[in-house]
Amino acid sequence: MPKTLFTKLALSLTVLLLGIGLLYSILSTYLTHHYQQEFLQHLNRHLASNLVTERELVHEGVLNQEALKKTFMHYMMVNPSIEIYLLDADGNILSFSAEPGKVKRKKVDMKPIMDFTEGKAFPLLGDDPRSFERNKIFSVAPISLSDGSMRYLYVVLRGEEYERVERLFQESFLLQLSGAAVFVSLLIGFIVGLLLFMVLTRRLQTLTQLMQQFSQSEFTQHNPYQQKSNKSSDEIDTLGYHYNSMAERIREQLKALKKQDELRRELVANVSHDLRTPLAALQGYIETLQLKAEGFDTATRAEYLDIALKHSQRLTRLVEELFELAKLEAKETQLHCEPFSLAELVQDVIQKFKLTAESGNIKLEMKAQKPLPFVNADIGLIERVLENLIANALRHTPAEGEITVMLKTNDTKVEIEVQDSGSGIAESELQNIFDRFYRVNNMERSSHHAGLGLSIAQRIVTMHGSKIRVTSKPGEGSRFIFDLPIYR
């Protein structure tokens, strides 16, 4: 079986041209024969009538047998391509001009003769007296006799001699000429077709080579398909355009996969580091208590247990944040939006951090426009965002500082802004603060958290169709802003 498209097209063209040649030969033979019959019958339609008149075959209502005999003899010598027969009203052959012994029929069908005399469309084929199978074109003239009977002069226009000469002529010249013409025409068509197929498939071959090169380079090196003209683009150019788009998409996805792999490795390394510290501390304090518990007083044992508990709580919080972030990134967390009062939710979250803020001598409050409309969001996830932002602000705000949660509204959204008076963030680090495990280096207390809170908050807000925006300057504090849609 042929494999290349060019070979398949060439074979298809060969079969097509052979079929066309065969069909042409059959149709041309049939149509030529039909046209010749119609032409000859039109040309000689009055031949029989002229013979009756010119040769004076009927004299005073009586058939002149002598004149009929001379007519037969004359036309056998002068025009051997015709054959003349005298018929009665029933089609019986009374006499003829052919050689004795060659006439096989004694009677011919009268229906075509009647159709001829009625002027029906040519060609009309009548029985050939020399054969029981053949039918031929003819000319006929009725002859009325004095006794009221009818005779018919039946002239076969393409007699046996005519067919013999015609067959020899066709075999010697016409058939060869027509065959040669058909062969040359098909050969030229085949060559032109192959050239056209070669031109049309050249771009496909180029595109195939580009795809093979792209595959062999492990989908890293993309040589784009170049379209010659935008005006004359066709299906091949469209295929090339989609190949370019697909190749770029594959390269982008491979880059994304490599980046994700790097992030996965980084995640494993960071998780290992952040888990190792509290686990080691927890194990150390517990082992110390186990070995020296009897030598410690009650206050020392309580201190050791308190430190171990804090490390255990830190470890628990880290694991929970890791699971929460993993669910958000895997898109397993579904939104359950409902209308609620954002001011009440903010007030509840502030109450959770009130004692922590007071212990650090930090002022924590809410400022809101009144009246404030309901928002449409997932109340549980938004509560998590506020907790992470306020906890982040508390970590980075010194004593005597302030943290304010401001709520503003416009026509379609409510804007939430968490502002602190902390030490701020350098501009070079702003673009990284939402990355996993990223911690601002200039913060003393930054080592006490895993660096996942802001990353979790950003992903939750993104699920709500918004984004956390941050502005900050070192020494002037930070502002984290996002918005939620108003419930209609």
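Residues numbered from 1 in each chain as written. Predicted model: local features only at pLDDT ≥ 70, side-chain atom pairs only at ≥ 80, totals over all residues. Heavy atoms only, no water.

**Focus on helix H12 (residues 453–463)**
Each α-helix turn comprises 3.6 residues. Residues three or four places apart therefore point the same way. Applicable threshold: Categorising residues by exposure relies on relative accessible area from a 1.4 Å probe, with only protein chains included: less than 20% of the type maximum marks a residue as buried, more than 50% marks it as exposed, and the intermediate range marks it as partly exposed. A helix here means a DSSP run of H or I that spans at least four residues, while a strand means a run of E at least two residues long, and both kinds are numbered starting from the N terminus.
Among the 11 residues of H12, eight are classified as buried, and the element is accordingly described as predominantly covered. Where H12 is concerned, the buried positions are Gly453, Leu454, Ser455, Ile456, Ala457, Gln458, Ile460 and Val461. A positive phi of about 80° marks Gly465, the residue just after H12.

**Comments concerning the pairing of strand E7 (residues 150–156)**
Using the following cut-off: By this definition, two strands are paired if DSSP reports at least two bridges between them.
Counting buried positions along E7 gives five out of seven residues, so the element sits mostly inside the fold. Both strand E3 (residues 83–88) and E7 contribute to a ladder of six bridges, which runs antiparallel. Directly across from Leu87, in E7, lies its bridge partner Tyr152. Bridge analysis of strand E6 (residues 135–144) against E7 gives seven bridges, and the strand direction is antiparallel. Bridged to Ala141 within E7 is Leu153. In this structure, the hairpin formed by E6 and E7 is closed by a connection of five residues, where Gly148 is found at a positive phi of approximately 90°.

**Re the sheet that holds E6**
Cut-off, in case you're wondering: Angles shown run from 0 to 180 degrees and are taken between the N-to-C directions of axes, each axis being a line fitted to C-alpha atoms and, for helices, limited to the stretch in contact. The criterion used for residue contact is that any of the two residues' heavy atoms lie within 4.5 Å.
Strand order in the open sheet formed by five strands is E4-E3-E7-E6-E5, and the pairing between neighbours is antiparallel. Looking along the sheet, the strands with just one partner apiece sit at the ends: strand E4 (93–96) and strand E5 (125–127). Strand-to-strand twist across the sheet, computed as the mean angle between neighbouring axes with direction ignored, equals 40°. Helix H2 (residues 47–54) contacts E3, E6 and E7 of the sheet and is inclined by roughly 35° relative to E6.

**Examining the packing of aromatic side chains**
Spelled out, the test is: Centre distance within 6.5 Å is the pairing criterion for rings of Phe, Tyr and Trp, where only the six-membered ring of Trp is used; planes under 30 degrees apart are then read as stacked, over 60 as edge-to-face, and the remainder as tilted.
Under the criterion given, the structure shown has eight aromatic pairs. Between Tyr85 and Tyr154 the ring centres are 6.3 Å apart and the planes differ by 50°, which places this aromatic pair in the tilted class. Linking Tyr85 in strand E3 with Tyr154 in strand E7, this pair joins segments that are 69 residues apart in sequence. On the accessibility criterion, Tyr85 (0% relative accessible area) is buried. Ring centres of Phe296 and Tyr304 lie 5.1 Å apart, and the angle between their planes is 40°; on these two criteria the pair is classed as tilted. By relative accessible area, which is 19% here, Phe296 ends up buried. Taken together, the ring pairs connect Tyr85, Phe96, Phe116, Phe122, Phe138 and Tyr154 into an aromatic cluster.

**With respect to unusual backbone geometry**
Looking along the chain, the bond that leaves Phe122 and enters Pro123 is cis, with omega of 0°. With respect to the secondary-structure elements, Pro123 resides in the loop between helix H4 (111–117) and E5. Non-glycine residue Glu218 carries a positive phi angle of around 60°. Within the secondary structure, Glu218 sits in the loop between helix H5 (160–216) and helix H6 (235–292). In this structure, Glu400 takes a positive phi of about 70° despite not being glycine. By the element assignment, Glu400 lies in the loop between helix H10 (379–395) and strand E11 (402–409). Of the residues examined, Glu400 reaches a relative accessible area of 63% and is grouped as exposed.

**Here we look at the sheet that holds strand E14 (residues 477–485)**
The strand order across the open sheet built from five strands is E9-E11-E12-E14-E13, with neighbouring strands paired in mixed fashion. Edge strands, defined here as strands with exactly one partner in the open sheet, are strand E9 (363–368) and strand E13 (469–473). Taken over all neighbouring pairs, the strand axes of this sheet differ in orientation by 15° on average, direction set aside. Where E13 meets E14, five bridges bridge the pair, whose relative direction is antiparallel. Along E14, the bridge assignment pairs Thr471 with Arg479. Along the sheet, H10 makes contact with E9, E11, strand E12 (413–420) and E14, crossing E14 at roughly 175°.

Honestly, it's all geometry; don't read function into it.
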